[in-house]
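# Observations on the model geometry
As a plain string of letters, each chain reads:
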Amino acid sequence: MAANVISASMIRFGRYPESSYAGLATAPARAAIRGSGLTPDQVERVYCGHSFGGMLVGQRVVKNLGVRGVPVVNVENACSGGATALHQAVKAIESGECESALVIGVDKLSQFGGGTLPLVAEDSEVKLGMVMPAMYAMRAQRFLHERGAKPEDLAAVAVKAHDHGAANPYAQYRERVTADQVLRSRPIADPLTLLQCCPTGDGAAAVVLVSERLRMLLDRPTARIAGSVLHSGSLTYGFRDMVRPTISSDSAADALAQAGIGPGEVDVVELHDAFTVAELIYYEALGLCDPGEAVDFLHRGDSTYGGQVVVNPSGGLLSKGHPVGASGVAQVVEAYWHLTDQAGARQVPGATWAMTHVTGGGISGLDHGSCAVHVLQRM
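## A closer look at the packing of aromatic side chains
- Counted by the stated rule, this structure contains 4 aromatic pairs.
- Between Phe 52 and Phe 112 the ring centres are 5.0 Å apart and the planes differ by 80°, which places this aromatic pair in the edge-to-face class. Of the two residues, Phe 52 is situated in the loop between strand 2 (45-49) and helix 2 (57-62) and Phe 112 in the loop between strand 4 (100-108) and helix 4 (124-127); the sequence distance between them amounts to 60 residues.
- Judged by relative accessible area, Phe 112 falls into the partly exposed class, the value being 32%.
- A centroid spacing of 5.1 Å and a plane angle of 35° characterise the contact between Tyr 170 and Trp 337, whose relative ring orientation is tilted. Taken together, the residues span a long stretch of sequence, with Tyr 170 in the loop between helix 6 (151-165) and helix 7 (179-184) and Trp 337 in helix 13 (residues 327-339) at a distance of 167 residues.
- A residue is classified by how much of its surface remains accessible, and Tyr 170, at 26% relative accessible area, is partly exposed.
- Between the NZ or CZ atom of Arg 139 and the centre of the ring of Tyr 136, over which it lies, the distance is 5.2 Å.

Structure representation (structure tokens):
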């Protein structure tokens with residue numbers, strides 16, 4: 001039994017220091033239910049992804065929506081939390097456990113007052129001072145070395161992201177930037193500068209999934225979840241290849257295989273560009289181009305409008321923002337809008353297939369803690 005996205009909503013990502021988690025997520029959750037054609041009492045399951053919201057976030061969001069007595073599952077899986085919640089909802093519908101599910105992603109990073117996100121203190125690399133910008137800076141240095149690339153190539157990713165984000169009313173930052181502005185912005189971790197790092201902020205997104213039977217009854221624009229994959233990282237001691245993320249390449253290959261398509265058939269990709277180098281690395285890992293071709297792929301315009309595939313039409317994490325647990329659901333919101341011609345000025349014409357990709361967590365010995373990839377098809 002296929003799972004289908006039948007409605008989607010989100011708030012503009014940004015900083016809402018006076019808002020609670022429920023305050024962030026209630027409006028998009030309510031809008032998603034309303035847009036689905038279901039009444040609140042017809043929602044059979046709720047899955048809520050977040051990282052820093054504490055206990056019972058999902059229950060705090062839905063208590064005033066008229067959704068009562070159904071299982072509410074809260075999911076923490078670092079940056080993959082929202083996408084993991086979606087994966088759980090997909091599997092529940094595919095197995096016949098339910099026919100409808102509300103999926104919420106929400107996080108509020110303004111509560112930390114700025115700076116890098118707190119990691120788990122007991123982790124051995126964190127004890128040595130590891131933070132996410134430092135990890136990606138090491139990846140960037142290795143990528144520049146192995147690919148013969150230049151800092152200007154990294155800056156070009158940020159320029160594209162902000163060009164796309166300028167057309168997205170839900171993006172945290174909507175100002176276009178030049179490569180010179182990117183390179184001259186405040187140094188964070190060599191070679192990464194401030195405009196090469198995703199901003200911290202707050203946000204929430206929600207989608208409603210339904211079975212094939214309900215899809216036919218409700219008669220609304222839908223996108224079928226044709227592939228849904230969640231992998232965790234494998235422990236590797238010693239050398240770690242920092243430009244060939246096996247967890248992402250395996251997850252993408254498995255999700256595309258479930259959908260029965262190849263990467264060249266995908267029209268829209270929302271990928272985890274938390275830092276500029278990540279987008280280049282993931283071009284290769286997701287199969288959008290061959291190993292070693294990411295820089296040329298970018299500069300040829302193959303990852304933007306008029307090219308082979310539009311990568312991060314939302315502006316990605318670099319421009320749209322990255323409120324961790326909300327990001328995976330927001331990616332699916334963006335994909336759904338493109339597959340149902342609801343993306344406005346940033347619409348990818350004739351989009352038939354979309355893929356979303358999000359990785360979660362820095363943890364010693366692992367490439368990443370988790371990775372979730374979804375493939376969606378226009379119906």
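There is more to say after this.
## Regarding the side chain of Ser 19
- Along the chain, the position of Ser 19 falls in the loop between strand 1 (4-10) and helix 1 (21-36).
- The class of Ser 19 is buried, set by a relative accessible area of 18%.
- At 3.3 Å, the side chain of Ser 19 forms a polar contact with the backbone nitrogen of Leu 24.
- Those residues in contact with Ser 19 that sit more than four places away from it in its chain are Leu 24 and Lys 108.

Quick notes on the rules
- Residues numbered from 1 in each chain as written.
- Predicted model: local features only at pLDDT ≥ 70, side-chain atom pairs only at ≥ 80, totals over all residues.
- Heavy atoms only, no water.
- Phe/Tyr/Trp six-rings, centres within 6.5 Å; stacked < 30°, edge-to-face > 60°.
- Helix = DSSP H or I, 4+ residues; strand = E, 2+ residues; numbered from the N terminus.
- Buried < 20%, exposed > 50% of the residue type's maximum accessible area, 1.4 Å probe, protein only.
- Lys NZ or Arg CZ within 6 Å of the ring centre and 35° of its normal.
- Polar contact = N/O pair within 3.5 Å; in protein donor to acceptor, adjacent residues only side chain to side chain.
- Contact = heavy atoms within 4.5 Å.

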